[in-house]
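Structural features, examined
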Amino acid sequence: MLSEKSLKAIAFERSKYPQEEARSALLAALRIAQEEQGYLRDELIEYVAEILGLPAIQAFEVATFYTMYDLKPVGRHKLCVCGSVSCFLNGSDQIIGHLSKTLGIGPGETTADGLFTLQEVECLGACKDAPMMQLGDRYYENLTPESLDALIAQLRGGSEDVR
Ligand code: FES
């Protein structure tokens, strides 16, 4: 179900912890599985649990709790807008509203062309630069409708190296 490369990566993560602490490798193992397959379908979550020798329910508990795990296919660009207190007080609802209007989708939805998924997430630890969002492994802070428009245009133009 997973490539040799992913299985090796999971084994490496598992090797960092004592024998009785397989659960400690679960976050990383799920991330590796998702990176390879795009999202975590039920069978894949069960498979990751099996690899680590854990009850499947433990893997489901983790996979369904954290928003970084996708339980269904997502777009090429997943826009994770923080909606927690600092961001909310600084206009995250307007940011989400602007993205919804621009992309024609609501939180939790993906555009028909498969390019964008919009998601509202909990605090990402960049509160002082609220409102903010995560896209891939980058944070975009002090968001405004204008900065979002520029970013969306770049992404629609095929740029992966957006700042
Ligand atoms: S409240 Fe948005 S990053 Fe903390």
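Residues numbered from 1 in each chain as written. Predicted model: local features only at pLDDT ≥ 70, side-chain atom pairs only at ≥ 80, totals over all residues. Heavy atoms only, no water.

Here is the rule we go by: UniProt positions are given in the numbering used here, feature names are shortened, and annotations may be inferred rather than shown by experiment.
As recorded in an unreviewed UniProt entry, the chain goes by the name NADH-quinone oxidoreductase subunit NuoE, listed as coming from Acidithiobacillus sulfurivorans. Of the chain, the UniProt comment under Sequence similarities (unreviewed entry) reads exactly: "Belongs to the complex I 24 kDa subunit family." UniProt lists a comment for the chain under the heading Cofactor (unreviewed entry), and it reads "[2Fe-2S] cluster".

1. With respect to helix α1 (residues 4-15)
So the rule is basically this: Here a strand is any run of E in DSSP of at least two residues, a helix any run of H or I of at least four, and the numbering for each starts at the N terminus. Multiplying one less than the number of residues by 1.5 Å gives the expected span of a helix. Note on classification: 1.4 Å probe, protein chains only; a residue is buried when its accessible area is under 20% of the maximum for its type, exposed when over 50%, partly exposed between these limits. By arc we mean the arc of the directions from the helix axis to the C-beta atoms, nothing more. Contact definition: two residues touch when any of their heavy atoms are within 4.5 Å.
Helix length check: α1 (twelve residues) gives 16 Å between terminal C-alpha atoms against 16 Å at 1.5 Å per residue, within 8%. What α1 keeps buried is the set S6, I10, E13 and R14. Seen end-on, α1 carries its buried residues on one side only, within an arc spanning 100 degrees. Within α1, the exposed residues directed more than 90 degrees away from the buried face are E4, K5, K8, F12 and S15. Buried residues in α1 make contact with α2 (26-37) and α3 (42-52).

2. Quick notes on the sheet that holds strand β3 (residues 133-135)
Counted only if it meets this: When DSSP finds two or more bridges between a pair of strands, those strands are recorded as paired. Only the stretch in contact is used when a helix axis is fitted, and all axes are lines through C-alpha atoms; the angle between N-to-C directions ranges over 0 to 180 degrees.
Across the sheet, four strands lie side by side as β2-β1-β3-β4; this open sheet has mixed pairing. Of all the strands in the sheet, the pair left with one neighbour each is β2 (116-121) and β4 (138-140). The mean inter-strand angle of the sheet, taken between neighbouring strand axes irrespective of direction, is 25 degrees. Where β3 lies against β4, three bridges are found, and the strand directions are antiparallel.

3. A closer look at the packing of α3 against helix α4 (residues 56-65)
Here is the rule we go by: Here the word oblique covers every angle except those under 35 degrees (roughly parallel), over 145 (roughly antiparallel) and from 65 to 115 (roughly perpendicular). The sense of a crossing depends on the near helix, which, turned anticlockwise from the far helix by less than a right angle, makes the crossing left-handed and, turned clockwise, makes it right-handed. Only Asp, Glu, Lys and Arg are considered charged, only Ala, Val, Leu, Ile, Met, Phe, Trp, Tyr, Cys and Pro nonpolar, and every remaining residue, Gly among them, polar.
Axis separation between α3 and α4 bottoms out at 8 Å; the angle between their running directions is 120 degrees. One way to sum up the angle between α3 and α4 is to call them oblique. Where α3 crosses over α4, the two elements pack in a sense that is right-handed. Each of D42, I45, E46 and A49 in α3 lies in contact with α4, whose residues at this interface are A56, A59, F60 and A63. For the contact of α3 with α4, a count of residues per class yields six nonpolar, no polar and two charged.

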